[in-house]
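Coordinate inspection notes
Given next are the chains, with one letter for each unit.
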Amino acid sequence: MGFGSGTIGRAALLLGGAVAPMAAAAQEADPANAGAVSPWGMIALGGVPLLLAGAGILAWLWRRSAGHRDLLLASLNATSRARQLVDAKGRVVLSNDAFGRLFAGTTGPLPEVLRRRVAPGSDAAEILGQLMRSVAEGGRGRTEIEVVSADGVSDWFDISGRSIDGFPGYVLWGAELVTAQRQIEEFIRSDHEKFADLIEHAPIGFYSVDEEGRFLFVNSTLASWLGFLPSDDGTYRQRLHDLVADSLPASVPPYSPFRDPLAHSGEVVLRGPNGHTFQAFVRHDVASMQSIDGGGVRLRTRSVVHDLTRERELESALQVSEQYFQRFFEEAPASILMLDGEGRVEQANPAFQHLLIGAEWAQARFVDLVQPEERAAAEAHLDLVMKDGRAGPPLTVRLMGEKQRSVTVYASRREDRGRAIGMILHLIDATEQKRLEAQFAQSQKMQAVGLLAGGIAHDFNNLLTAMIGFCDLLLLRHKAGDQSFADIMQIKQNANRAANLVRQLLAFSRQQTLQPRVLDVTDVLAELSHLIRRLIGENIELAMEHGRDLASVRADAGQLEQVIINLAVNARDAMPDGGRLLIRTRNVTTNDPISRGVEVMPPGNYVLVEIADTGSGIAPEILDRIFEPFFSTKAVGSGTGLGLSTVYGIVRQTGGFVFVDSQIGRGTTFRIYLPQHAAAGDTAARADYAEDTPRDLTGIGTVLLVEDEDAVRLFSARALRNKGYKVLEARSGEAALEIMNEQVDGIDLIISDVVMPNMDGPTLIKEVRQRRPDVKVIFISGYAEDDFRRKVDAGEEAHFLMKPFTLKQLASKVKDVLE
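Reading the values: rules and limits
Residues numbered from 1 in each chain as written. Predicted model: local features only at pLDDT ≥ 70, side-chain atom pairs only at ≥ 80, totals over all residues. Heavy atoms only, no water. Helix = DSSP H or I, 4+ residues; strand = E, 2+ residues; numbered from the N terminus. Buried < 20%, exposed > 50% of the residue type's maximum accessible area, 1.4 Å probe, protein only. Contact = heavy atoms within 4.5 Å. Areas by Shrake-Rupley, 256 points an atom, 1.4 Å probe, with all protein chains shown as cover. Salt bridge = Lys/Arg side-chain N within 4 Å of Asp/Glu carboxyl O. Pairing = 2+ DSSP bridges. Right-handed = clockwise from strand over helix to strand, strands pointing away. Core = buried A, V, L, I, M, F, W, Y, C linked by side-chain atoms within 4.5 Å. Axes fitted to C-alpha atoms, helices over the stretch in contact; angles between N-to-C directions. Phe/Tyr/Trp six-rings, centres within 6.5 Å; stacked < 30°, edge-to-face > 60°. Patch = residues over 30% accessible without salt bridge, like charges linked within 9 Å, V, L, I, M, F, W, Y side chains within 5 Å. Expected span 1.5 Å × (residues − 1). Arc of directions from axis to C-beta. Polar contact = N/O pair within 3.5 Å; in protein donor to acceptor, adjacent residues only side chain to side chain. Parallel < 35°, antiparallel > 145°, perpendicular 65-115°, else oblique. Left-handed = near helix turned anticlockwise from the far one by under 90°. Nonpolar A, V, L, I, M, F, W, Y, C, P; charged D, E, K, R; others polar.

As a further point, take the overall build of the chain. Within the chain, the secondary structure is distributed over 23 helices and 29 strands. Classification of the 819 residues of the chain by burial places 43% in the buried group. Sequence separation of 24 or more characterises 58% of the internal contacts of the chain that already satisfy a separation of 6 or more. Here the chain displays about 42,900 Å² of accessible surface, and carbon together with sulfur accounts for 52% of that area.

Right, let's talk about the pattern of salt bridges for a bit. Per the counting criterion, the structure on display carries 39 salt bridges. Between Arg572 and Asp573 there is a salt bridge, and its shortest N-O distance comes to 3.2 Å. Looking at Arg572, the relative accessible area reads 28%, which means it is partly exposed. We classify Asp573 as partly exposed; its relative accessible area is 35%. The partner of Lys803 in a salt bridge is Glu707, with the nearest N and O atoms 3.0 Å apart. Taken together, the residues Lys803 in the loop between strand S29 (799–802) and helix H23 (807–818) and Glu707 in the loop between strand S25 (702–706) and helix H19 (710–722) connect sequence positions 96 residues apart. Glu707 carries the same exposure label as Lys803, and that label is buried. Here the salt bridges share partners, and the residues they tie into one network are Glu545, Arg584, Glu610, Asp661 and Arg671.

Right, let's talk about the pairing of strand S26 (residues 726–730) for a bit. Note that S25 and S26 share 5 bridges and pair parallel. Across the sheet, the residue bridging to Leu704 is Leu728, located in S26. Viewed along the sheet, the connection from S25 through H19 into S26 turns out right-handed.

Moving on to the nonpolar core. Among the nonpolar cores identified, the biggest contains 41 residues, and Ile532, Leu581 and Ile672 are the most heavily contacted of them. Ranked by residues supplied to this core, first place goes to helix H17 (residues 557–574) with 9 residues. Look past the residues within four positions of Ile672 in its chain and what remains in contact with it is Val563, Leu567, Val607, Leu608, Val609, Ile611, Val651, Phe657 and Val658. Within the second largest apolar cluster, 25 residues are counted, among which are Leu337, Leu339, Leu355 and Ala364.

For the rest of this paragraph, the subject is the sheet that holds strand S27 (residues 749–753). The strand order across the open sheet formed by 5 strands is S26-S25-S27-S28-S29, and the pairing between neighbours is parallel. The strands lining the two open edges of the sheet, one partner per strand, are S26 and S29. For this sheet the average axis-to-axis angle between neighbouring strands, irrespective of direction, equals 20°. Along the sheet, H23 contacts S27, strand S28 (776–781) and S29; its crossing angle with S29, the most-contacted strand, is approximately 175°.

A word on the environment of Gln326. Following the sequence through the fold, Gln326 ends up in helix H11 (residues 309–331). Sequence separation between Gln326 and Asn349 is 23 residues; the distance between their C-alpha atoms is 9.3 Å.

This next bit is on the packing of aromatic side chains. Each aromatic ring pair is summarised here by two numbers: the centre-to-centre distance and the angle between the ring planes. One pass over the full model with this rule turns up 11 aromatic pairs. Between Tyr606 and Tyr673 the ring centres are 6.0 Å apart and the planes differ by 85°, which places this aromatic pair in the edge-to-face class. Taken together, the positions of Tyr606 in strand S22 (residues 604–613) and Tyr673 in strand S24 (residues 667–677) put the pair 67 residues apart, joining distant regions of the chain. Across the pair, exposure class does not vary: Tyr606 and Tyr673 are buried alike.

What follows is about a nonpolar patch on the surface. Residues Phe460, Leu463, Met467 and Ile491 make up a contiguous nonpolar surface patch of about 350 Å² in total accessible area. For the nonpolar patch, the element with the most residues is helix H14 (residues 431–477), which contributes 3 residues. Examined against the element boundaries, Phe460 turns out to sit in helix H14.

What follows is about the environment of Cys471. Following the sequence through the fold, Cys471 ends up in helix H14. Separated by 19 residues in the primary sequence, Cys471 and Gln490 have C-alpha atoms spaced 9.6 Å apart. The residues contacting Cys471, other than those within four sequence positions of it, are Ile488, Ile491 and Lys492.

A few words on unusual backbone geometry. Leave glycine aside and you will find that most residues have negative phi; peptide bonds, for their part, are mostly trans. Residue Pro804 is bonded to the preceding Lys803 through a cis peptide linkage, with omega at -5°. Although it is not a glycine, Asp549 adopts a positive phi angle of roughly 50°. Inspection of the secondary structure assignment puts Asp549 in the loop between strand S17 (540–545) and strand S18 (552–555).

Its 16 residues place the ends of helix H8 (residues 123–138) 22 Å apart at the C-alpha level, agreeing with the 22 Å of an ideal helix rising 1.5 Å per residue. Three or more residues of H8 are buried, namely Ala124, Leu128, Gly129, Leu131 and Val135. Buried residues along H8 cover an arc of 160° about the axis, so they all sit on one side. Across H8 from its buried face, at more than 90 degrees, point the exposed residues Asp123, Glu137 and Gly138. Next to the buried residues of H8 lie helix H7 (110–117), strand S3 (140–148), strand S4 (154–163) and strand S5 (171–177). Of the residues flanking the end of H8, it is Gly139, one or two places downstream, whose phi is positive at about 90°.

Moving on, we get to the side chain of Asn349. Within the secondary structure layout, Asn349 lies in the loop between strand S12 (345–348) and helix H12 (350–355). Classification of Asn349 as buried rests on a relative accessible area of 0%. Side-chain polar atoms of Asn349 contact the backbone oxygen of Ala334, separated by 3.0 Å. With residues up to four places along the chain from it excluded, the contact list for Asn349 reads Phe329, Ala332, Ala334, Ser335 and Ile336.

This part covers the pairing of strand S15 (residues 419–429). Sheet topology note: the strand S11 (residues 335–340)/S15 ladder contains 6 bridges and is antiparallel. Note that in S15 the partner of Ile336 across the bridge is His426. Bridging between strand S14 (residues 406–416) and S15 involves 10 bridges; their strand directions are antiparallel. Across the sheet, residue Ala411 finds its bridge partner in S15, namely Leu425.

Two elements in contact, helix H16 (residues 521–536) and H17, have axes separated by 10 Å at closest approach and are oriented at 30°. The orientation of H16 with respect to H17, classified from their angle, is roughly parallel. In this structure, H16 meets H17 at a crossing whose hand is right-handed. Contact residues: Val524, Leu525, Glu527, Leu528, Leu531, Ile532, Leu535 and Ile536 in H16; Leu560, Glu561, Ile564, Ile565, Ala568, Val569 and Arg572 in H17. Residues that form the contact of H16 with H17 fall into these classes: 12 nonpolar, no polar and 3 charged.

Moving on: the sheet that holds S3. Spatially, 5 strands are ordered S2-S1-S5-S4-S3 in an open sheet, and the strand pairing comes out antiparallel. Edge positions in the sheet fall to strand S2 (92–95) and S3, since each has one partner strand and no second. For this sheet, the mean angle separating the axes of adjacent strands, direction not counted, is 20°. Bridge count between S3 and S4: 9 bridges; the pairing is antiparallel. What sits directly across from Gly141, in S4, is Gly161. Of the strands in this sheet, strand S1 (82–86), S3, S4 and S5 are in contact with H7, which crosses S5 at around 45°. Packed onto the sheet, H8 meets S3, S4 and S5 and runs at close to 165° relative to S3.

Structure follows, in structure tokens:
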């Protein structure tokens, strides 16, 4: 903003009146250089106050040269502070460019401009009024004022005013925006207060001592720890070494709490005036500074104190916790694994290492320790755990290693500050559970087959008994050479095949009737060798290796022969192009249980019979099913599927175990473990069936035949009458009792079916023996003898003949019992 020609004189006179005060102000501000400052320099350096001080000179220059007017304008605009000269009537005489920029778009004297911007009655309006009164009454004034704009933005202004000497009513106003400075000052002040509060109340102690160990500063935290209070004059009576619990050597400087004079940090036991002691870690630096009073260089420390009490308590608690955890980890019966984020094993307890004998687990991925066929499921399960934290129901897998144990996996995610870093796995050995489950399932199968066998045995064997018996009666009339002889033999042979099928079912379900006796396995195999050679054919080599000093076993010779024959036939079928069949025996002693599939063989002494072939082998996927009844890989019509199930049932009923190993293209080995029998003096069990040696089967006596099946009763009665016996027939237990009442002393033998409507056979015999305790009894049944024995009191003497039976077997049994 420039000057009008009419105002130049007034401005010059005003400036002249202000030269002296401004010159004095310049000299007060810088006494050393006051004489070196020229009027022009004062104009250029001092801003408007300096211009006012040189007003007379400027007026003189104005009259002398028009160029000096431009210089005056430039001098007024050289300052960054807004300036405005107002006359006694409140009119604006001049304003510099800074004023125009700071208050753009406004007119009028500065107080008026500000009054329009502040709210009436506000603190800012009051401060502005006080400034105007100070200028009017005292000639000058200065203050800072906050002005809030219409849009809510707050600005701070530095406002000054000064009367012009010699010109009553004239005021030179100045203004400057100081919002940024105020913000910086407020920030510094706030930070200073925060820092002071932090130092004073920080959770660590701060102190400073001089070279004599006198405390210059102690923060509130350390003072509270020590019960340490200053005296009335703000100083502390105690010195640093007074607070160190341990006595320090004389060589330690008063400002150091450490036994080592050169140490800058270490642990110290501090004790306050109240007697409280605590372990602390102290770190200090020693600083040198010039004394204010000219006393030379002084020392002071900057020291930090950490109270270790809580840390030591936590360390002790952590150590105890770690010991508990480590003991739990090491001694836990369940396997515990720590996996990293990629599923690798970081740590495993001994229980897991015991499960995984024979496999390297350190830094291995857990899924790689699982059997290959189950790895996909295991990986999917663990991925779900890493994603969601938990994966619902646990996973059961089989591990690698020698034992190939089944484990149930409970997985949870490990987190650090909300970030997944790995997993914790708890593995429960489920091998025994799986074995029991499989055994239960197997027993259910066997029970189902047993129920089937038992169910059909009675009715089916009744039919077979009639078929075989009447065939025998026909053969008495139709000898060899008769045109009907061949037809009758075909009927009898097929009936015998059907009976053998029933026996196989009973063998698998362990309901077969056995006649165990002490056997030499070597003798049994020697007798079978010729039969086996004929069965396997000439293109298969038969080799037998008998163990030395082979122990005896107690088994049914016929059933053991059946086992060997079944396995030999299976081996023959697996080698259609020829091969080698090896039968080997030896004594074995096992010190640990042997687990194969669902079977667990306890430790003990066994006779091992191995039947090994070089055939096609058994596929791994069906190896676990080969002992199931009716399971067969042969073509339809080539077998019943009961051969191996019969082997399994006979061996298990004998108390032994049968295991199988097979490789595709290399062959199969069956291993039969029979318990060794060490008892002496055993004799062969009583045979239920007649020997093949011809003998006289005729006899005399009265036989009461009780059978609800007409066909069986008719055949049996005819057969016994043909042998010379008197036979009384009864269709039920009740009918038999009536006959006994009539001829109680005339009956020599009772032959009774076991299962009959209403009164069964055992109940009938109980009734009879109340009157005839000496009567001889033969029970006949389609059920197994063991099942029959459970239904008859142990004290009762009774013989047993299992259906189906032939005429010769029936006659032999009757003769043996009566004699």
